[in-house]
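Structural features, examined
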Amino acid sequence: MELFDVYSLYDVTLTRGQGTRVWDDHGQEYLDFYAGHAVISVGHCHPDYVAAVTKQLNTIGFYSNSVVNPLQISLAHKLGKLSGLEDYSLFLVNSGAEANENAIKLASFHTGKDRIVAFRGSFHGRTSAAVAVTDNPKIVAPFNANQKVTFVDLNDIEAVKAAIAGGDVAGVIIEGIQGVGGIRLPEDGFLRELRRVTAESGVVLILDEVQSGCGRTGRYFAHQWAGIEPDIVTVAKGIANGFPIGGVLISPMFEATKGMLGSTFGGNYLAMSAAIAVCDIIEKEHLVARAAEVGDYLRASLPDSPKIREVRGRGLMVGIEFTEPIAELRKRLLFEKHVFTGVSGKNMIRLLAPLTTSKEDVDIFIKALEECL
Ligand SMILES: *Cc1c(COP(=O)(O)O)cnc(C)c1O
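Residues numbered from 1 in each chain as written. Predicted model: local features only at pLDDT ≥ 70, side-chain atom pairs only at ≥ 80, totals over all residues. Heavy atoms only, no water.

**Looking at the pairing of strand S1 (residues 14-18)**
Pairing analysis gives 4 bridges linking S1 to strand S2 (residues 21-24), with the strands arranged antiparallel. Counterpart to Gln18 in the pairing with S2 is Arg21. As consecutive antiparallel partners, S1 and S2 are separated by 2 residues, and within that stretch Gly19 has a phi angle of approximately 60°, a positive value. (Pairing = 2+ DSSP bridges. Helix = DSSP H or I, 4+ residues; strand = E, 2+ residues; numbered from the N terminus.)

**So, the nonpolar core**
Burial of nonpolar side chains together is a common tendency in soluble globular proteins. One finds Leu75, Phe119, Ile174, Leu194, Ile245, Ile320 and Phe365 to be the most contacted residues of the largest nonpolar core, which totals 77 residues. Here the element with the most residues in this core is helix H9 (residues 269-284); it accounts for 12 residues. When residues of this core are assigned to domains, at least three fall in each of domain 1 (14-46 + 286-372) and domain 2 (48-284). Ala118, Val248, Ile250 and Met260 belong to the second-largest nonpolar core, a separate cluster that totals 23 residues. (Core = buried A, V, L, I, M, F, W, Y, C linked by side-chain atoms within 4.5 Å. Buried < 20%, exposed > 50% of the residue type's maximum accessible area, 1.4 Å probe, protein only. Domains from an automatic or database assignment.)

**Quick word on the sheet that holds strand S13 (residues 339-340)**
The strand order across the open sheet formed by 4 strands is S1-S2-S3-S13, and the pairing between neighbours is mixed. The two strands at the open ends of the sheet, each matched to only one other strand, are S1 and S13. Inspection of the sheet shows S2 paired to strand S3 (residues 29-32) by 3 bridges, in the antiparallel sense. Bridge assignment links Arg21 to a residue of S3, and that residue is Leu31. Helix H12 (residues 359-372) rests against S2, S3 and S13 of the sheet, and its axis sits at about 105° to S3. (Contact = heavy atoms within 4.5 Å. Axes fitted to C-alpha atoms, helices over the stretch in contact; angles between N-to-C directions.)

**Some thoughts on the environment of Gly202**
Tracing the backbone through its elements, the reader meets Gly202 in the loop between helix H8 (188-200) and strand S8 (204-208). Taking relative accessible area as the criterion, Gly202 reaches 47% and is therefore assigned partly exposed. In this structure the C-alpha to C-alpha distance between Gly202 and Leu352, which are 150 residues apart in sequence, comes to 35 Å.

**Comments concerning the state of the cysteines**
What we call a disulfide is simply a covalent bond connecting the sulfur atoms of a pair of cysteines. For the structure on display, the rule yields 0 disulfides. The thiol of Cys45 is unpaired, and the distance to the nearest cysteine sulfur, on Cys214, comes to 19 Å. Here Cys279 is not cross-linked by a disulfide; its sulfur's nearest cysteine counterpart is in Cys214, at 7.6 Å. (Disulfide = S-S within 2.5 Å.)

**A closer look at the site of the ligand**
Around the ligand sit Ser95, Gly96, Ala97, Asn100, Phe123, His124, Gly125, Glu175, Asp208, Val210, Gln211 and Lys237, and that is every residue in its neighbourhood. One of the side-chain N or O atoms of Gln211 is found 2.8 Å from an oxygen atom in the ligand. The side chain of Lys237 places a nitrogen or oxygen atom 2.6 Å from an oxygen atom of the ligand. Starting from 380 Å² of accessible surface for the ligand in isolation, the protein chains cover 81%. Tallying contributions element by element places helix H4 (residues 96-111) first for the shell around the ligand, with 3 residues. Of the residues that constitute the shell around the ligand, the class distribution is 3 nonpolar, 6 polar and 3 charged. (Near = heavy atom within 4 Å. Polar contact = N/O pair within 3.5 Å; in protein donor to acceptor, adjacent residues only side chain to side chain. Areas by Shrake-Rupley, 256 points an atom, 1.4 Å probe, with all protein chains shown as cover. Nonpolar A, V, L, I, M, F, W, Y, C, P; charged D, E, K, R; others polar.)

**A closer look at a nonpolar patch on the surface**
On the surface, Phe4, Val6, Tyr7 and Leu9 cluster together into a nonpolar patch covering about 600 Å² of accessible area. By the element assignment, Phe4 lies in the segment before S1. With relative accessibility at 76%, the residue Phe4 sits in the exposed group. (Patch = residues over 30% accessible without salt bridge, like charges linked within 9 Å, V, L, I, M, F, W, Y side chains within 5 Å. Salt bridge = Lys/Arg side-chain N within 4 Å of Asp/Glu carboxyl O.)

**Thoughts on unusual backbone geometry**
One non-glycine residue, Cys214, lies in the positive phi region at around 60°. Its location among the elements puts Cys214 in the loop between S8 and strand S9 (232-235). At Asn241, a residue that is not glycine, the phi angle is positive and equals roughly 55°. With respect to the secondary-structure elements, Asn241 resides in the loop between S9 and strand S10 (246-250).

**Regarding the pattern of salt bridges**
Scanning all chains against the criterion turns up 20 salt bridges. Taking the shortest distance from any N to any O, the salt bridge between Arg120 and Asp153 comes out at 3.0 Å. Within this pair, whereas Arg120 is found in the loop between strand S5 (115-119) and helix H5 (128-132), its partner Asp153 is found in the loop between strand S6 (149-152) and helix H7 (157-164), the two being separated by 33 residues in sequence. When the shortest N-O distance is used, the salt bridge between Arg312 and Glu310 registers 2.7 Å. Look at the salt bridges and you will find they share partners, linking Arg21, Glu29 and Asp361 into a network.

**Some remarks on H9**
With 16 residues, H9 should cover 22 Å at 1.5 Å per step; its first-to-last C-alpha distance of 22 Å lies within 8% of that length. Across the 16 residues that make up H9, a large majority, 13, are buried. Phi for His286, located one or two positions after H9, is positive at around 50°. (Expected span 1.5 Å × (residues − 1).)

By themselves, these observations are geometric and do not establish any function.
Below, the structure is given as structure tokens:
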């Protein structure tokens, strides 16, 4: 059997990772400023993380959600403490798309309505509802396309008001910072208005923090820069450093009824041990504050080049937009300078470095970038 060929691959085979570094099958070392798509938060193979998951695997690896699972309760407490959302409750799934899928479902259950407002440039995942609120026709199959979704421009509060005036809107879904769409930030004032408008009209506000959450922007959640409290927050990527898990953080206004949501693998012991270990490491090593500090240092260190049009982002979620397409630049960074980066569109390099990134790592990246420019 062969692999279903859907990914564009670079010709690199990784065999090992440690901290902010990965190694290929020729023993070559690379600096990882992409974190495998914002997933590696506490660094590759953090010893506390490896120890916790290994210990759990030797204790009990799996049972279904028909028995009490103290690890889920422990994770909920820790996430509440780290995020400040202590009175929210947690529903556990296995990916970001699935978290958004359940968030949309909850909004619809809660309001009895069936329309979702989403934003141009959004990415929320590839399952049915998540892809329907994603603004990319290329990945939306006809089966997913006939959902009731209204797309409006980011930061256009009047368009949001007009969209929810119809009275059929269950929820508004927005990324803390648009990742795939090119590190585009909702303005703080816009988020505050969005919070006010949705609360007034009984529309559920869903913050997708799958990419921007878990401390990467220098706050536990990116929307906390604006000081708002959403009705639902979704998390995944960075929350368990590579173990597949998604979470839906649900405000106290929602009432759970038995059987309304469910997942076979969601909340399993191994995933919980991984996510708990990440929370503990983030707390112990003050990684949220560190992401803010090292992110500021990174932005301040970027060269003044006529080739750079704009730098956007917060903390260690950074987009460098160039005046020209960057495919060649990225290839040179990867193969000559041994640095992993991400991209957004044709002109942007997207950096999603682990929260454990040091200023020395930043210096190495800056030097490589300058040489490539
Ligand atoms: C990656 C991503 C998702 C989807 O997560 P998966 O785990 O790939 O399903 C959803 N929302 C945002 C903002 C993302 O970046």
